[in-house]
Amino acid sequence: MVTCIHYFSASGHSKAVAEYLANELQSEIIEIPHKGKPADVAIVVFPVYCQNIPPIVQSHLPKIDAQRFILVATYGRMSFGNVLAEAAQLIKGNIIAAAYVPTGHSYLKQGDSFLKEQLGLILKHIDSNKAITIPRFHKNIFADFFPGLRSRMGVKITRSGLCNKCGLCTQICPNQATKNGVTNHRCIRCLRCVNACPQKALDFQLSIFMKWYLRKPREERFLLFD
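First, a word on scope: everything that follows refers to the structure included in this document. (Residues numbered from 1 in each chain as written. Predicted model: local features only at pLDDT ≥ 70, side-chain atom pairs only at ≥ 80, totals over all residues. Heavy atoms only, no water.)

A rise of 1.5 Å per residue sets the reference length of helix H1 (residues 13-25), with its 13 residues, at 18 Å; its end C-alpha atoms lie 19 Å apart and thus fit the reference within 8%. Where H1 is concerned, the buried positions are His-13, Ser-14, Ala-16, Val-17, Ala-18, Tyr-20, Leu-21 and Ala-22. The elements touched by buried residues of H1 are strand E1 (3-7), strand E2 (28-31), strand E3 (39-47), strand E4 (66-75) and helix H4 (116-123). Gln-26 occupies a position one or two residues after H1 and carries a positive phi of about 55°. (Helix = DSSP H or I, 4+ residues; strand = E, 2+ residues; numbered from the N terminus. Expected span 1.5 Å × (residues − 1). Buried < 20%, exposed > 50% of the residue type's maximum accessible area, 1.4 Å probe, protein only. Contact = heavy atoms within 4.5 Å.)

And the structure:
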């Protein structure tokens, strides 16, 4: 059986989950948007942004060539919306398992935090041939209204004089939304540029509203559908 792990990660949380799964399965790991080879089982790991699927993942999901899928959505313990059910509509193949996995929140500068025991429960379904249906969950009625704009209103990317215009942020931005640390309207505030800057020239500031939102009680739910 050929198994492949596809992942997208900006702050490292989803990458840590994907690397753990790949190590346990001794499987190939592919960073989205690279396509990879056809597989019997594809495990797709991605973060939830504003209760939505990151645009780069949305466009990549239909391109994955696999017979069976396991979908893993990581979320910063705030709200996961309905992303797994929405992702299920984009793939070409049967879903044999899916999970919402709580991790650290990018805007709170939290390190990797996931329970290996939870990921182990996901891996138990790797040999399954049973197709499942993912239940739908409540999604904020405003979640689909300009999520990128709302992110930019809540989080401001700042650039200091340490920037030497190396161009790395431009190269790695998943939305082609930054040039030498200056963002445009395509920016979704995933913070990949901030985390990758070798000069530590980029940082971010939260709006008063975002600070208030992040003070809400944290979610701890791990949900597995099988």
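Moving on: the pairing of E3. E3 sits mainly inside the fold: eight of its nine residues count as buried. With five bridges connecting them, E1 and E3 associate as parallel partners. Residue pairing for E3: His-6 is matched across the bridge by Val-44. As judged from the eight bridges shared by E3 and E4, these two strands associate in the parallel manner. What sits directly across from Ala-39, in E4, is Ala-66. Each parallel crossover has a hand, and the one from E3 via helix H2 (residues 55-60) to E4 is right-handed. (Pairing = 2+ DSSP bridges. Right-handed = clockwise from strand over helix to strand, strands pointing away.)

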